[in-house]
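Analysis of the macromolecular model
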Amino acid sequence: MNQDKYISIFIRDGFICQKCGKNKSQARLTIAHRIRKGSGSEKWVYNFIRDNYGKELSFSFIREEILNHDDNLIVACTYRDWE
C-alpha cells in the first residue's frame, strides 16, 4: 500500500479505531482489512459474487480491486491493544 493511500485512510477514519473507538493517544493504530486477506477470503468473495451476481472474477482481481479497495480498509488498534 502506498503512503498516500495509507494516510488517506487515517484521515478518512479520523485517526480513530473503527472497532473499539480508541484514538491515536489511547492506542497504537494501524490499517486493517474488513474482509481479511488470504486464500479463504478470496474464495469466499469469488463464490459470493458468482452466486449472487452471476459473474466470475479472477482471484488477482479480487485481491487487488476488492480486498485492497479503500472501502475494505479501516483504521484499527494493533492486536496487542485488543487484549
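Residues numbered from 1 in each chain as written. Predicted model: local features only at pLDDT ≥ 70, side-chain atom pairs only at ≥ 80, totals over all residues. Heavy atoms only, no water.

1. Things to note about the overall build of the protein chain
- Counting its secondary structure elements, the protein chain contains three helices and two strands.
- Starting at the N terminus and walking to the C terminus, you meet the elements of the protein chain as α-β-α-α-β.
- Principal axes of the C-alpha set define a box for the protein chain whose edges measure 45 × 30 × 20 Å.
- Here the protein chain, with 83 residues, has 27% of them falling under the buried criterion.
- Sequence-distant contacts in the protein chain: of pairs separated by 6 or more residues, those separated by 24 or more amount to 66%. (Helix = DSSP H or I, 4+ residues; strand = E, 2+ residues; numbered from the N terminus. Buried < 20%, exposed > 50% of the residue type's maximum accessible area, 1.4 Å probe, protein only. Contact = heavy atoms within 4.5 Å.)

2. Let's talk about the packing of aromatic side chains
- A full pass over the atoms with the stated rule returns five aromatic pairs.
- Relative to Tyr 53, the ring of Phe 48 has its centre 6.3 Å away and its plane inclined at 65°; by these criteria the two rings are edge-to-face.
- Among the aromatic residues, those joined into a ring-pair cluster are Tyr 6, Phe 10 and Phe 15.
- The ring of Phe 15 carries the charged tip of Lys 24 above its face, separated from the ring centre by 4.9 Å. (Phe/Tyr/Trp six-rings, centres within 6.5 Å; stacked < 30°, edge-to-face > 60°. Lys NZ or Arg CZ within 6 Å of the ring centre and 35° of its normal.)

3. Let's talk about the confidence of the model for the protein chain
- Mean pLDDT over the protein chain works out to 90, with 94% of the residues at or above the 70 mark.
- Of all helices and strands in the protein chain, the one with the weakest mean pLDDT is helix H3 (residues 59-67) (92), whereas strand S2 (residues 73-77) scores best (95). (pLDDT = per-residue confidence, 0-100.)

4. Notes on the environment of Lys 24
- With respect to the helices and strands, the residue Lys 24 is situated in the loop between helix H1 (3-12) and strand S1 (29-33).
- Taking relative accessible area as the criterion, Lys 24 reaches 59% and is therefore assigned exposed.
- Taking the C-alpha atoms as reference, Lys 24 lies 8.9 Å from Cys 77; in sequence the two are 53 residues apart.
- Among all residues touching Lys 24, those that are not within four sequence positions of it are Phe 15 and Leu 29.

5. Comments concerning the pattern of salt bridges
- In this structure the tally under the stated criterion is four salt bridges.
- Across the pair Asp 13 and Arg 12 runs a salt bridge whose closest N-O atoms are separated by 2.9 Å.
- Classification of Arg 12 as partly exposed rests on a relative accessible area of 41%. (Salt bridge = Lys/Arg side-chain N within 4 Å of Asp/Glu carboxyl O.)

6. Digging into a nonpolar patch on the surface
- On the surface, Met 1, Tyr 6, Ile 7, Ile 11 and Phe 15 cluster together to form a nonpolar patch covering roughly 480 Å² of accessible area.
- Positionally, Phe 15 belongs in the loop between H1 and S1.
- Phe 15 gets classed as partly exposed once you look at its relative accessible area, which sits at 33%. (Patch = residues over 30% accessible without salt bridge, like charges linked within 9 Å, V, L, I, M, F, W, Y side chains within 5 Å. Areas by Shrake-Rupley, 256 points an atom, 1.4 Å probe, with all protein chains shown as cover.)

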